[in-house]
Amino acid sequence: MLPSSLQVSIVTYRPDRVLLDRTLYRLAQAIAVAREAGVIRTVNDALIDNSGDRDNADAVVNLGRARFADSGVQLICLAGHANIGFGAAHNLVLHGSGANYHLVLNPDVELDRDALTIGVRWLDAHPDIGALAPQVFTSDGKRDYLCKRYPAVLDLALRGFTPTLGRAFFRKRMARYEMRDIIDNAPDREVIDIPAMSGAVLLVRRKAIDKSGGFDPGFFLYFEDFDWTVRLNRITRTAYVPSVKVIHHGGVRRAKVCAISAGSSRAASVSTASMAGAGSDADCVAVTGADGFIGRALVARLREEGWDVRAITRATHGDLAAIEPLQLVSSLRGVDTVFHLAARA
């Protein structure tokens, strides 16, 4: 079989430059190993910077040029535009490259030396599979469960917004959502037809991209990978291949809003939003309705877990019952997560 061609896209937004440099170093290493093995030939690496300012863009471009100088990898740098969103930025280079495979890669993911070699070979040998998710480890060596089953609203609230609390109170439920019953019981087993894969690192066949259309630009940040997985599974098959290994450092925390309505017929109503440029070094959580029964318990537990909690009550901030979560979060600069304990949906 002839060597395959590969396109890589990395979207950055004010990235941790040390982590980005490590990502590029490990990517260059994996490309070299795959080339030496005769698995891939031509490689294009696209760096798309969504930061919107020249200093960040120049830093990203310079890191890319330094890592891929004289490597035979064609480097494509796109910058100077506004923050158009994660999926839309990847879409700028997803289409029209003509490469056999496309690697979607976060700027905080380190590929194993033979990750590309094993991944491309595996897809070459399984033409019915359109997208591959690797085995992911955290920076401290623990397995990171990025392949998921289809989530319920409560699963999204627990996993996306309260990971520590979710593990404490809903361990069995979260284990099933994260497919631990399959992955932990047979760590080396390949799993076909993954309901939800992570956009942190994803190796996709060209035909699957063309048929599915890539990311939906309507998702600015969060859930765009879940949406794409759903559409991929309609036109092809997906796979978790644990022999392909990466390290995921987790990236920069984005602010999230969790709106929990006790009066709704559903268990919870969840909305999310990105607060570009808002975060802080500390894990700061704001809780509205902090003087209520649930609010007091939530504040106490979060503080026990070591979070910096900003309690919001009517006495200190007035009546918040009518405030929408997105309106609330826009005014909470420096807050990573907001628990909006709404009186009604």
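Each remark here, short or long, concerns the structure printed above.
First, a word on scope: everything that follows refers to the structure included in this document. (Residues numbered from 1 in each chain as written. Predicted model: local features only at pLDDT ≥ 70, side-chain atom pairs only at ≥ 80, totals over all residues. Heavy atoms only, no water.)

**Considering the pattern of salt bridges**
In this structure the tally under the stated criterion is eleven salt bridges. Here Arg54 ties to Asp58 by a salt bridge, and the two come within 3.6 Å at their closest N and O atoms. Of this pair, Arg54 and Asp58 both sit in helix α2 (residues 54–68), four residues apart, roughly one helical turn. For Arg54, a relative accessible area of 66% translates into the label exposed. A salt bridge links Asp210 to Arg206; the nearest nitrogen and oxygen atoms lie 3.4 Å apart. Residue Asp210 and its partner Arg206 are located together in helix α9 (residues 206–212), separated by four residues, close to a single helical turn. By relative accessible area, Asp210 is classed as partly exposed at 48%. Residue Arg206 is classed as buried on the basis of its relative accessible area, which comes to 11%. Beyond isolated ion pairs, a larger network of salt bridges with shared partners links Arg22, Arg26, Glu110 and Asp112. (Salt bridge = Lys/Arg side-chain N within 4 Å of Asp/Glu carboxyl O. Helix = DSSP H or I, 4+ residues; strand = E, 2+ residues; numbered from the N terminus. Buried < 20%, exposed > 50% of the residue type's maximum accessible area, 1.4 Å probe, protein only.)

**Digging into empty space enclosed by the protein**
By the definition in use, this model includes four cavities of 30 Å³ or more. Lining the largest cavity we find Leu103, Leu111, Ala115, Leu116, Gly119, Leu132, Pro134, Val201, Leu203, Val244 and Val246. If one sorts the elements of the lining of the largest cavity by residue count, helix α4 (residues 115–125) sits on top with three residues. Tallied by class, the residues present in the lining of the largest cavity amount to ten nonpolar, one polar and no charged. (1 Å grid on protein atoms, 1.4 Å probe; cavity = no way out; pocket = protein on both sides within 12 Å on 5 of 7 lines; lining within 4 Å. Points joined across faces, edges and corners; volume = space filled by probe spheres on them. Nonpolar A, V, L, I, M, F, W, Y, C, P; charged D, E, K, R; others polar.)

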